[in-house]
Amino acid sequence: MASLSAFQLNVFLILAFAVTAFSALSPYYYDHVCPEALPTIKRVVEAAVYNERRMGASLLRLHFHDCFVNGCDASLLLDSTSTIDSEKNSLANKNSTRGFEVIDQIKNEVDKICGRPVVSCADILAVAARDSVVALGGSSWNVQLGRRDSTTGSRTQADKNLPSPLMNLPRLIENFKRQGLNQKDLVALSGAHTLGFAQCFTFRDRIYKDTNIDRDFSKERRRTCPRSGGNTNLAPLDPSPLSFDTAYFSNLVKYKGLLRSDQALFHGGSGSTDGLVKAYSYNAGAFSSDFAKSMIKMGNIKVLTGKQGQIRSNCRKVNYY
């Protein structure tokens, strides 16, 4: 009887392992299902970035903003319906997230070359983020694949979970902790702000009210961001916003972080994240390595796999057939 129980236990463990292995993400997920999927995504991303280099930052941001709201499930891409209050309308996304047309193009091209919808919109976001970084001079990494798409979205959860540009360090740490991300992940992933631009209303208070800011830097930013009006005027997040490098961290050490949430990572020796900021500012290899690890970790947040969710035919709409 005892041996039978042991045998049953072994069978159970083997089956459990098999189910886990089957449902886990893998960088080789599409190798046999559609080997041309990833090269197709890369081609479309490279063309989009070549056409407008700023698009690389926008595609990277889409992946972040998707994963922080109920996991990496492409919920951000869903348009509003009678039953879905789109995350696109949240405070952090409205009139700021962009690149949806590029994702649509990728989806159309991938489904065409695969012969059917086999690549999830969630995976497209993850791969497009990686390919955007590479297209702008960053290092590559193996994207874990096999996500499925959600059938709903939540503007309320987006408002609750997406980090604000006004957050201080304790709030940022707590915000990332809720997603299973630690302080190293926070600093490494914030390095994504080596790319892209921010709108005036997101940093106005910083350049007019904060004291932990380089005086010449604040004067420069005030030229295009007045005390009132010009809310959508853009400013670069670091001196080289179209190249993936370490200038973002070098800026923080000089108190030239554009957003309060950026400068919050460096306090001049008294902050718990100061050491990492300094290290990344002069060690591009360490930053690239940690960024890749944190991107993979973030990409695993509450993913749908196996029979969960669906593979959408249109990234903006739920399949109802």
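A brief report on the enclosed structure follows. (Residues numbered from 1 in each chain as written. Predicted model: local features only at pLDDT ≥ 70, side-chain atom pairs only at ≥ 80, totals over all residues. Heavy atoms only, no water.)

1. Notes on unusual backbone geometry
Step number 1: The phi angle at Ala74 is positive, at roughly 65°, despite the residue not being glycine.
Step number 2: Along the polypeptide, Ala74 turns up in the loop between helix 3 (54-67) and helix 4 (100-114).
Step number 3: In this structure, Tyr255 is a non-glycine residue whose phi angle is positive, near 60°.
Step number 4: Looking at Tyr255, the relative accessible area reads 29%, which means it is partly exposed. (Helix = DSSP H or I, 4+ residues; strand = E, 2+ residues; numbered from the N terminus. Buried < 20%, exposed > 50% of the residue type's maximum accessible area, 1.4 Å probe, protein only.)

2. Overview of helix 9 (residues 200-209)
Step number 1: Counting buried positions along helix 9 gives seven out of ten residues, so the element sits mostly inside the fold.
Step number 2: Buried within helix 9 are the following residues: Cys200, Thr202, Phe203, Arg204, Arg206, Ile207 and Tyr208.

3. Examining a positive patch on the surface
Step number 1: On the surface, a cluster of positive charge is made up of Arg215, Lys219, Arg222, Arg223 and Arg227.
Step number 2: For Arg227, the location among the structural elements is in the loop between helix 10 (215-222) and strand 2 (234-236).
Step number 3: For Arg227, a relative accessible area of 61% gives the class exposed. (Patch = residues over 30% accessible without salt bridge, like charges linked within 9 Å, V, L, I, M, F, W, Y side chains within 5 Å. Areas by Shrake-Rupley, 256 points an atom, 1.4 Å probe, with all protein chains shown as cover. Salt bridge = Lys/Arg side-chain N within 4 Å of Asp/Glu carboxyl O. Lys, Arg positive; Asp, Glu negative; His and termini not counted. Charge placed at Lys NZ, Arg CZ, Asp CG, Glu CD.)

4. Description of the packing of helix 3 against helix 5 (residues 121-135)
Step number 1: Contact pair helix 3 / helix 5: the axes reach a minimum separation of 8 Å and the direction vectors enclose 145°. The element helix 3 and its partner helix 5 pack so that their crossing is left-handed. Every residue of helix 5 that contacts helix 3 at Gly56, Leu59, Leu60, Leu62, His63 and Asp66 is listed here: Leu125, Ala126, Ala128, Ala129, Ser132 and Val133.
Step number 2: In terms of residue class, the contact of helix 3 with helix 5 is made up of eight nonpolar, three polar and one charged. (Axes fitted to C-alpha atoms, helices over the stretch in contact; angles between N-to-C directions. Left-handed = near helix turned anticlockwise from the far one by under 90°. Contact = heavy atoms within 4.5 Å. Nonpolar A, V, L, I, M, F, W, Y, C, P; charged D, E, K, R; others polar.)

5. Description of the packing of aromatic side chains
Step number 1: On inspection of all chains with the given rule, the structure shows eleven aromatic pairs.
Step number 2: Residues Trp141 and Phe291 carry aromatic rings whose centres are separated by 5.8 Å and whose planes lie at 75° to one another, so their mutual orientation is edge-to-face. Residue Trp141 is located in the loop between helix 5 and helix 6 (155-161), and its partner Phe291 is located in helix 14 (residues 284-298); the two are separated by 150 residues in the primary sequence.
Step number 3: In this structure an aromatic cluster arises from ring pairing among Trp141, Phe244, Tyr248, Phe249, Tyr280, Phe287 and Phe291. (Phe/Tyr/Trp six-rings, centres within 6.5 Å; stacked < 30°, edge-to-face > 60°.)

6. Brief notes about the pattern of salt bridges
Step number 1: Evaluation of the coordinates by the stated rule reveals 13 salt bridges.
Step number 2: Of the charged contacts, one joins Arg316 and Asp104 as a salt bridge, the two residues approaching to 2.6 Å between their closest N and O atoms. Within this pair, whereas Arg316 is found in the segment after helix 14, its partner Asp104 is found in helix 4, the two being separated by 212 residues in sequence.
Step number 3: Classification of Asp104 as buried rests on a relative accessible area of 18%.

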